[in-house]
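One-letter residues, chain by chain:
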Amino acid sequence: MAQGRGPAPVVVAKVKQQPITYVQTFVGTVMPSQRATIGSAVDGRVIECNIEEGDRVEAGDALAQLLTETIRLEVKSAKSELQYLQAKLEELENGTRPEQIEQARAKMAAAKARSDYRVERRERLRDLAERSTAVTEDEWREALMAAAEAQELYAEATAVYDEAQAGPRKEAIAQAKAQVEMQQAVVNRLEDQLTKHTISSRFAGYVVTKNTEAGSWVNRGDVVAEVVGVDTVEVVVQVLEQGVPYVTRGREDKTVTVRVPALSQTESEGKFDGTVLAVVPQGDVRARTFPVKVSIPNQSTELGPLIKPGMYAEVDLAMGTSPQAMLVPKDAIVLNQKKKAVFVVDNGIANPFPLTQVREYGECLEIWGDVLPGQLVVVEGNERLRPGAQVSVIETREFEVPSTNAGTSP
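Residues numbered from 1 in each chain as written. Predicted model: local features only at pLDDT ≥ 70, side-chain atom pairs only at ≥ 80, totals over all residues. Heavy atoms only, no water.

Applying the stated criterion across every chain, the model contains 1 aromatic pair. Seen in terms of ring centroids, Tyr22 and Tyr361 are 6.0 Å apart; in terms of plane orientation they differ by 80°. Their pairing is edge-to-face. Placement of Tyr22 in strand 2 (residues 16–39) and of Tyr361 in strand 18 (residues 349–361) is noted, with a sequence separation of 339 residues between them. Residue Tyr22 is classed as buried on the basis of its relative accessible area, which comes to 4%. Just above the ring of Phe399 sits the side chain of Lys16; from NZ or CZ to the centre is 4.6 Å. (Phe/Tyr/Trp six-rings, centres within 6.5 Å; stacked < 30°, edge-to-face > 60°. Helix = DSSP H or I, 4+ residues; strand = E, 2+ residues; numbered from the N terminus. Buried < 20%, exposed > 50% of the residue type's maximum accessible area, 1.4 Å probe, protein only. Lys NZ or Arg CZ within 6 Å of the ring centre and 35° of its normal.)

This is how it looks when you write it as structure tokens:
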């Protein structure tokens, strides 16, 4: 400094030391959280299709209805057959009714009486034939046959009575159950076919594509409509492999800021809180980046979803922290022999302190060197200072340290 001049007036700021978080902004595209291409599961004629592109649908809402007259007749017939088989099974399971047992007992008693009479008559004819010739050969043969027939009928009536008392066989009940189960399967299959004639949405969302109209014929597998779920949306961004370890997944207390510039004029100002949904464990081998999905709750309006799939979005992701960062204003940095340095003021003397590294942090700089917290660094008037220069501090300027350095790379 030239002789005769007083100390140089300077403005200083105190070096701050505090923890900071590095944030990087990534760009991506808004995507729906769900997307379904809905096709027909059966062949049929479309009789109703009351949707249009842009319509909101709820889970279970019909997108199209196919003609069902024939399948309904088949269902009705199958159900009638099922009712008949169920009635037969119930009859078997309930066993023989008392009236039927009594009827079988009465028939058995009548058969026994007839058998006793025929046997008694046969014996009388036998005795008469032994004492005289009054019984002809034909009469004797007829008596034998009548007695044998009556005994057989009595045996048959006895078997029927015993069977009525014992009730249905287990095998017959099992067969009846099997017939009921088979017919129930037929009914279930037909009802499933009937259900498939109504083509429905599986989740709430918006119709983005309509592929059919009333009167059209659709084959099984033909696309009817495409529906997207946007009650929550996802922004997919590509993160370099070095930054992936810093991405915190699935914690609601670790929200990330998402900006949608197209919505900057809305009440939300285009800013939303998102949650890291997933870090896809398959990267791009050429770019060495990994997809990161960030989920955002959406809002429904009269004009549809507020955040629409396809919109451009920016996501701020934390890329690490520094627990004891040394921070100074950007104006404190000067070049000293082509190296970056700061002038530190001590007892009215300013000397340059070289820095080994400097990194931007918002409107501040994080520095590495021999500078200590609380030291005064020159932020105004440092362009003409020389080592050992006398200075006069005219102002100690305060500066704010941002919460993050969004928009910069770590």
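A separate point is the sheet that holds strand 5 (residues 62–66). Taking strand neighbours across the sheet as the criterion, the 4 strands line up as 6-5-3-8 in an open arrangement whose pairing is antiparallel. The open sheet has two free edges, formed respectively by strand 6 (198–200) and strand 8 (217–218), since each of these has just one partner strand. Pairing geometry for strand 3 (residues 44–48) and strand 5, over 2 bridges, is antiparallel. Note on strand 5: the bridge partner recorded for Glu48 is Gln65. (Pairing = 2+ DSSP bridges.)

Of all hydrophobic cores here, the largest spans 26 residues; its most connected members are Val235, Val237, Val258, Val292, Ile307, Val315 and Leu317. Where this core is concerned, the elements lending two or more residues are strand 2, strand 9 (223–240), strand 10 (256–259), strand 11 (271–279), strand 12 (289–297) and strand 15 (312–329). Broken down by element, this core gets its largest block of residues, 6 residues, from strand 9. Sequence-distant contacts of Leu317, that is, excluding residues within four places in its chain, are made with Tyr22, Val23, Gln24, Phe26, Val237, Val239, Val256, Val276 and Val292. (Core = buried A, V, L, I, M, F, W, Y, C linked by side-chain atoms within 4.5 Å. Contact = heavy atoms within 4.5 Å.)

What follows concerns the pattern of salt bridges. Overall, the coordinates contain 20 salt bridges when judged by the stated rule. When the shortest N-O distance is used, the salt bridge between Arg105 and Glu102 registers 2.7 Å. Note that Arg105 and Glu102 are positioned in helix 2 (residues 98–131) at a spacing of 3 residues, about one turn of the helix. For Arg105, a relative accessible area of 34% puts it in the partly exposed group. Overall, Glu102 belongs to the partly exposed group, its relative accessible area being 41%. Salt-bridge contacts for Arg141 lead to Glu137; the nearest nitrogen and oxygen are separated by 3.3 Å. (Salt bridge = Lys/Arg side-chain N within 4 Å of Asp/Glu carboxyl O.)

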